[in-house]
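Tertiary structure, described
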Amino acid sequence: MNRRTLVGVGIVVALLGLVVWWRLAGRGDDARTGSETASGSAGSAVARGGSSAAAKRGPVVLASASGRITQSAGGAGIAGARVSLARAELGADFLDAGSAATIQAVTDAQGAWTASNVTPGVYVLAAVAKGFLPGTRDKLLVASGERKTGIDLALARGGVVLSGTISDVGGGPIAGAEVTVTRDAGMSLHGGAELIAVAGDDGRYELTLADGEYQADASHADYTTESRWFELTGTPHTVDFTLTPGASIRGKVVTRDGKPLAGAYVQAEAGGGRGRGRDDSTTSSDDQGMFKLKSLDAGAISLKASGRGYASKAPTIVEVGIGEQVDGVTIIVDRAYSISGNVFEKGTKKGVAGVRLGVFSIGSGDVAFAFSPTEADGAFEIVGVKPASYMMFAIGDEVMPEIGKPVEVVDKDVTDVVVEMAGGVSVSGRVDPPGAADIGIAPTVVGIGNIFEAVKSMMVKAQSDSTGAFTLKHVPTGSFNVTAKTKDGSAGKVLVIVEAVDKTGVVIPLEKRSTLAGRVVDVKGAPVAGVRVMATPKRDKSDDGMSISFDDNAGPESVRTGADGAFKIVGLDEGKIGLRVSNNSGTLRWADAAHKDKPGESIVFDVGKGAERTGVVLTVETLDGVIRGNVTGVDRKPTADVWITATLTEKRDMTRGEMIMNGEFQSLSSSKPVLTGPDGTFVIERLRKGTYQIVAEAARGTARAEKSDIKTGDTVTLVLAPLGTLTGVVTAGGSPVTTYDLVCKHLKAEEDEASRRVTDAAGAYKLERLAPGELACSATADVGRASGKVTVPSGEAKLDLVLEPWATVTGTIVSALSGAPVPGVKLMISGDGFDPKQIADMLQGGGPTSDPRGVFTLSRIPPGKNELIVMAKEGGFTPLAKREFTTTSGQRLDLGTIKIVPPRTGEAGTLGMGTDITDGVLVVASVKPGGPAEAAGVQVGDKITSINGVAIAEVTPMIAQTLLASGTVGIGQQFHLGLDRAGTAAQVTILAVAW
């Protein structure tokens, strides 16, 4: 997954961060083939990363670009230099829906190059040549229809050689495979330079680079992609790649009446089957509606297509094996609609050019994009939009993002939509002491009510110059912390209230932060290179809620270890810091004697203010696990050339929520596939010690076997069996349900899931190529929900499901202290009753809330165990109250009175203390030096007996703990606390200060 795609994912996580939290209780065909040769007078050029057909859909005229690559000393042309033009507009790679092509060209004997068929846009130019340092040129603007010439680069001699071999799993070289190297330039939505090498007939590649940290992606049309991180430090470096054969799908996009749809955007993504989580693949259909997707991972692939006037009503599911080619797939598209209009400067009718737009529906999960940015008149068109409730988003380089405009698509095109975008204001100032620093902003409060405003702040960044001066542009109004951080770890922040006018004179005082440095080694003391060491501040005991940070300058901090296993983390706040180590597959466990009882917990260090702690040694598990086995057919004869994959199935010590919020998108550890030998045996090496699911897939996916609970060191026998098929009908009240969501999971391997959106007049579904075993299935529709279990053999099985009507839940919300009704709080359902649509409603300002009497009503609750969550309209994501309940089919259940801590008003405050609940008693667990609690005489160990005259027993210790928690209290809020200090009663008054 490349960096820009990761950033795109990060934006989606920010937009839908609440959904992520709630659920927790790139490139296409041409990217890999490089098969299109662009015409030109010099060298050759190919389009990568998208489809030329996709690019032509927008109202643009293709351009061309040309120039020379020369030596900086003497000016002679460099023959054979490889030139790349990578898209660099804000959000181009993420929002171009697969058409953000990277262009390649090779210089001729005079160093000249030409690229034709260039989509208009902003590019980063890069050139590489053996024996020369790479050269780059940012912000290269190519206008519609332009013949841009004179795009020259002069390269200096020098650099370090990166080389290696690209092989397939059988050991043979992969000629023509590409290695794309990108430098770590921070999490930016703008594209960066791509330095590209192509492997020769022997599979070898070579690049000359400057010292630094890089990511390399190896790819080929017939294989899946592999990514590696490396660091150059003045000496030649070798990075080898072993690629797994990729599957391919060929087919046709047709309308419901059988007519081919030309220029349709076709997307493939993991369909809830056995896919290994690769990037989505995209391509476009040709004039006859034909398409081809390559480099796919094995598993269930969901195919969707969209174009002007049409879109897939439900995905077409295709099961592919490793390296399998599936032909004759038909994607049927139904009538869909367009959303069109103009983007104007706020308060005017002046168009804004270069804005990228899209819509997303949390309720249905549908997403659609405009195929090209707006022109000078601000006009846009988003095509292939299915009926649903959507929210729009629009981003551009010279305007503030706009997110959350509601659009309802029912049965016709939506036209004349006006999106107003403002330039925002500028915030300028300096850092003290002067110097270069990364500058950003972060809202002081993030909650349901301002989530979209908070997202806007993610794109507001700047860097101070050598004098410390900086200017932040396109800043929205609101209350923000303006933050600064230097490479050596000095940091600071200052609170700024941004209004409708530019703000100047902001001074951010920098202070030296703490440092943790040391080495990561394995159990033999050998250095472990290239792993990530993450430092995360440990939360106060009273802070058990979840927060989402929109500040890139805030923790957690993480670095990768060098070749000697060394790491140095700078910029840490004082206090308790927890360290973890992870690789691409997840958190590594500790292997030293001191932590053998808690191998997955963070190792905590108490770091003083500005302290430099060195000599830290982190000993992690060694990847030396081995699983052996053999594979036979039904006839019990050994079977050769069967693909074997091992996937770690034991629960890791970090939840997925912790992984995402700590900045690590981690997955369960999967081995590279290996092939059985002529005698049917296999060996999987370099595994993390643990428990695995072993899957064997025959060539072309015709048969399969799997076993769970296999531990490293075991020897396993797998017997291939034909795959199973599950069919059934979903009904409600005796009638078929024509549209529903179906999810089936293997009970022994819950990650092996099949999910479908089914649309069928008879209510029928069919799941093919299922691994035999016991499945748990559920169907969800507007009228209700059903669930059931079935054992699927090596053959056919049937499971019919009857939907049960939804239940309804009511109740009343009151203050825990005064008993007065609390209006306006948000209410949601977790557990079996979770419905993404409730999040969509809330983010658009709707959704269920308590009325002036504190009364609420929630519908669409499934039978079973659920949980009510009470949330503040604004002010964070920490629940105000939770209430578990059980409902039956069609029941109307009254939960009665629910006491909460009313949401605070104003900025977040703190009393300077933390509390714990011990044997049902609320006890002071920590007192911050110099804080309000210490000034009032509060001591560790004091038992809190009352708050503002109300006994703790009456409000309950849990609610009382929330009442007093940092972030829950507001600045200036006063509390009168009754204390029991070793049997002696006492009274104190505490005034909350800024947190």
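To continue, consider the overall build of the protein. Looking only at helices and strands, the protein features 11 helices and 79 strands. In the protein, which comprises 995 residues, the share counted as buried stands at 53%. Here the protein has roughly 41700 Å² of accessible surface; of this, 50% comes from carbon and sulfur atoms.

Both strand E14 (residues 212–220) and strand E15 (residues 223–232) contribute to a ladder of 8 bridges, which runs antiparallel. The residue of E15 that forms the bridge with Gly212 is Leu232.

Okay, the side chain of Asp168 next. Among the structural elements, Asp168 can be located in strand E10 (residues 160–168). A distance of 3.4 Å separates the side chain of Asp168 from the side chain of Tyr223, its partner in a polar contact. Ignoring sequence-local partners within four residues, the contact set of Asp168 consists of Ile174, Tyr223, Thr242 and Leu243.

By size, the foremost hydrophobic cluster in this structure holds 25 residues, and its most contacted members are Leu911, Met913, Val938, Ile944, Ile947, Leu964 and Leu977. Within the residue set of this core, elements represented by two or more residues are strand E74 (921–927), strand E75 (943–947), helix H10 (952–955), helix H11 (957–964), strand E77 (974–981) and strand E78 (984–991). Among the elements that take part in this core, H11 stands out by supplying 4 residues, more than any other. Beyond its immediate stretch of four places on either side in the chain, Val938 contacts Met913, Val924, Val927, Ala933, Leu979, Arg981, Val988 and Ile990.

Once that is clear, we can look at the state of the cysteines. Throughout the structure, instances matching the rule amount to 1 disulfide. Paired through a disulfide, Cys744 and Cys777 show a sulfur-sulfur distance of 2.1 Å. Between Cys744 and Cys777 the sulfur-sulfur dihedral comes to about 115 degrees; the bridge is accordingly right-handed. Here Cys744 is found in strand E58 (residues 739–746), whereas its partner Cys777 is found in strand E61 (residues 773–781), with 33 residues between them in sequence. By relative accessible area, Cys777 is classed as buried at 2%.

Within a sheet, adjacent strands bond to each other through the backbone by hydrogen bonds, running parallel or antiparallel. Sheet architecture is open: 3 strands sit in the order E36-E33-E39, paired in mixed fashion. Of all the strands in the sheet, the pair left with one neighbour each is strand E36 (469–475) and strand E39 (503–509). Neighbour-to-neighbour, the strand axes of this sheet turn through a mean angle of 30 degrees, independent of strand direction. Relative to E39, strand E33 (residues 425–432) runs parallel, the two being bridged by 5 bridges. Residue Arg430 lies in a different strand from E39, and its bridge partner there is Val507.

To continue, consider the packing of aromatic side chains. Scanning the model with the defined rule gives 4 aromatic pairs in all. Each ring, one from Tyr205 and one from Phe241, has its centre 6.2 Å from the other, and the planes form 45 degrees; the classification is tilted. Separated by 36 residues along the polypeptide, Tyr205 in strand E13 (residues 204–209) and Phe241 in strand E17 (residues 241–243) bring together distant segments of the chain. Grouping residues by exposure puts Tyr205 and Phe241 together as buried.

What follows is about the pattern of salt bridges. Overall, the coordinates contain 23 salt bridges when judged by the stated rule. The shortest N-O distance in the salt bridge between Arg250 and Asp327 comes to 2.9 Å. With Arg250 in strand E18 (residues 247–255) and Asp327 in strand E25 (residues 325–335), this pair connects stretches of sequence that are 77 residues apart. Relative accessible area serves as the criterion here: at 33%, Arg250 is assigned to the partly exposed category.

Assignment of secondary structure puts Arg513 in the loop between E39 and strand E40 (514–521). At 2.5 Å, the side chain of Arg513 forms a polar contact with the side chain of Asp573. If sequence neighbours within four positions are ignored, Arg513 has contacts with Gly489, Ser490, Ala491, Gly492, Gly571, Leu572, Asp573, Gly610 and Ala611.

Omega for the peptide link from Asp432 to Pro433 comes to 5 degrees, which places this bond in the cis form. For Pro433, the location among the structural elements is in the loop between E33 and strand E34 (438–443). The phi angle at Asp416 is positive, at roughly 60 degrees, despite the residue not being glycine. Tracing the backbone through its elements, the reader meets Asp416 in strand E32 (residues 414–421).

On to the sheet that holds E40. Taken in spatial order, the 3 strands make up an open sheet running E43-E40-E47, and their pairing is mixed. Two strands close off the open sheet at either side, each with one partner strand: strand E43 (566–572) and strand E47 (612–619). Each strand axis lies, on average, 25 degrees off the axis of its neighbour in the sheet, ignoring direction. Here 5 bridges tie E40 to E43, and the two strands are oriented antiparallel to one another. Residue pairing in the sheet places Ala517 in a bridge with Lys568 of E43.

With 6 of 8 residues buried, H11 lies mostly within the body of the structure. Every buried residue of H11 is listed here: Pro957, Ile959, Ala960, Gln961, Leu963 and Leu964. On the buried face of H11, the contacting elements are strand E71 (892–900), strand E73 (913–918), E74, E75, H10 and E77.

Attention now goes to the environment of Trp806. Counting through the fold element by element, Trp806 comes out in the loop between strand E65 (804–805) and strand E66 (807–815). For the pair Trp806 and Gln891, spaced 85 residues apart in sequence, the C-alpha separation works out to 7.7 Å. Looking at Trp806, its side chain comes within polar contact range of the main-chain oxygen of Asp782, at 2.8 Å.

What follows deals with the confidence of the model for the protein. Scored by pLDDT, the protein has a mean of 82; 83% of the residues are at 70 or more. In this model residues 1–58 is a low-confidence stretch, pLDDT under 50, and it forms 186 contacts with partners more than four residues away in sequence or in other chains. Between residues 272–279, whose pLDDT stays under 50, and residues either more than four places distant or in other chains, the model counts 34 contacts.

Assignment of secondary structure puts Gly724 in strand E56 (residues 724–732). For Gly724, a relative accessible area of 0% puts it in the buried group.

Here we come to the environment of Ser582. Tracing the chain through its elements places Ser582 in strand E44 (residues 575–583). A residue is classified by how much of its surface remains accessible, and Ser582, at 7% relative accessible area, is buried. Taking the C-alpha atoms as reference points, Ser582 and Arg560, separated by 22 residues in sequence, lie 9.5 Å from one another.

Conventions we followed
Residues numbered from 1 in each chain as written. Predicted model: local features only at pLDDT ≥ 70, side-chain atom pairs only at ≥ 80, totals over all residues. Heavy atoms only, no water. Helix = DSSP H or I, 4+ residues; strand = E, 2+ residues; numbered from the N terminus. Buried < 20%, exposed > 50% of the residue type's maximum accessible area, 1.4 Å probe, protein only. Areas by Shrake-Rupley, 256 points an atom, 1.4 Å probe, with all protein chains shown as cover. Pairing = 2+ DSSP bridges. Polar contact = N/O pair within 3.5 Å; in protein donor to acceptor, adjacent residues only side chain to side chain. Contact = heavy atoms within 4.5 Å. Core = buried A, V, L, I, M, F, W, Y, C linked by side-chain atoms within 4.5 Å. Disulfide = S-S within 2.5 Å. Axes fitted to C-alpha atoms, helices over the stretch in contact; angles between N-to-C directions. Phe/Tyr/Trp six-rings, centres within 6.5 Å; stacked < 30°, edge-to-face > 60°. Salt bridge = Lys/Arg side-chain N within 4 Å of Asp/Glu carboxyl O. pLDDT = per-residue confidence, 0-100.

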